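# Geometric and topological summary
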Amino acid sequence: VTGFYKWASKIVTSNSASFTDDSVEPYLNAGTGRIYGAEFLMRFAPISSVSGWLSYSYQKSFRRDGPDEEERVFDLDQPHILTMVGTWKINESWSIGSRFRYVTGNPWTPIERTIYSSDNDIYVPIYGDTNSERYSPFVQLDVRIDKTWIFETWKLNLYLDVQNATNRGNQEGWIYSFDYSEQTPLTGLPVAPILGLKGEW
């Protein structure tokens, strides 16, 4: 079990005054941050042919963009991270393994309303509290099967690696309509089987 804490200072932040005054520096070293948490790691091998490990982390990360700004959740804050990995060596030639991951979804900032700009013919979004919402959790199961041939001076490995075996659509963002009245989840890669061949001397 490992605990950790980090304090960050002089983080680069945007200078809002530069939006209306070109003579003002666009960036400042005014940001601060704090990160804390703990990690638990356990390895296991109940029998010689089965092994794996379990890892769980709890962490929180915050940022403040200036001394007068409210503290907010960091853009990549992920409080819960769970990883489980296991391998079963069936015999000298065959083995099968899997990896399961669960990660808290990243924060995102909701759009509360929009303003129509007639001069530019576009809708301008008005955002709510920064990082006050979260995407759905990231959940993925990967499976791998290996077949190995051993020769006198080298060995050959044939493997099938199936990423996202359950074909889960993990959300990575939002796709908005032109006027922001509708939103559709932007998801990552679907199930991805990879067949490979590797030789070792």
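All figures in this text were calculated on a predicted structure; none of them were measured in a lab.

### Comments concerning the pattern of salt bridges
This structure, assessed with the given rule, holds 9 salt bridges. Residue Arg134 pairs with Asp77 through a salt bridge whose shortest N-O separation is 2.4 Å. Highlighted residues: Arg134 in strand E10 (residues 133-134) and Asp77 in the loop between strand E4 (72-73) and strand E5 (80-89), separated in sequence by 57 residues. With a relative accessible area of 32%, Arg134 lands in the partly exposed category. Linked through salt bridges whose partners overlap, the residues forming this network are Lys60, Asp77 and Arg134.

### Section: the packing of aromatic side chains
Going through the model one piece at a time under the given rule, you end up with 8 aromatic pairs. Seen in terms of ring centroids, Phe151 and Trp154 are 4.6 Å apart; in terms of plane orientation they differ by 20 degrees. Their pairing is stacked. A network of ring pairs unites the aromatic residues Trp108, Tyr135 and Trp174 as a single cluster. Across from the ring centre of Phe74, 4.0 Å away, lies the NZ or CZ of Arg63, which sits over that ring.

### Remarks on the pairing of strand E11 (residues 138-150)
With 10 bridges joining them, strand E6 (residues 94-103) and E11 adopt antiparallel strand pairing. Counted as the bridge partner of Phe100 is Leu141 from E11. Bridging between E11 and strand E12 (residues 155-163) involves 8 bridges; their strand directions are antiparallel. Pairing of Val143 across the sheet is with Val162, part of E12.

Thresholds, definitions, all that
- Every chain's residues receive numbers from 1 upward, in the order its sequence appears when written.
- Given that the model is predicted, a residue must reach a pLDDT of at least 70 before its local features are reported, and side-chain atom pairs must reach 80 or more before they are shown or counted; all residues, however, enter totals for whole chains, interfaces and linings.
- Neither water nor hydrogens contribute to the side-chain values; these are computed over all heavy atoms in the structure.
- A side-chain nitrogen of Lys or Arg and a carboxyl oxygen of Asp or Glu constitute a salt bridge if their distance falls within 4 Å.
- To qualify as a helix, a DSSP run of H or I must reach at least 4 residues; to qualify as a strand, a run of E must reach at least 2; elements of each kind are numbered from the N terminus.
- Three labels apply to residues, based on accessible area from a 1.4 Å probe with only protein chains included: buried if under 20% of the type maximum, exposed if over 50%, partly exposed otherwise in between.
- Side-chain rings of Phe, Tyr and Trp, where Trp is taken by its six-membered ring, are said to pair if the distance between their centres is within 6.5 Å; with planes under 30 degrees apart they count as stacked, over 60 as edge-to-face, and otherwise as tilted.
- In this scheme, the term charge over a ring applies when either NZ of a lysine or CZ of an arginine sits within 6 Å of the ring centre and within 35 degrees of the ring normal.
- One requirement defines pairing of two strands: DSSP has to find at least two bridges between them.

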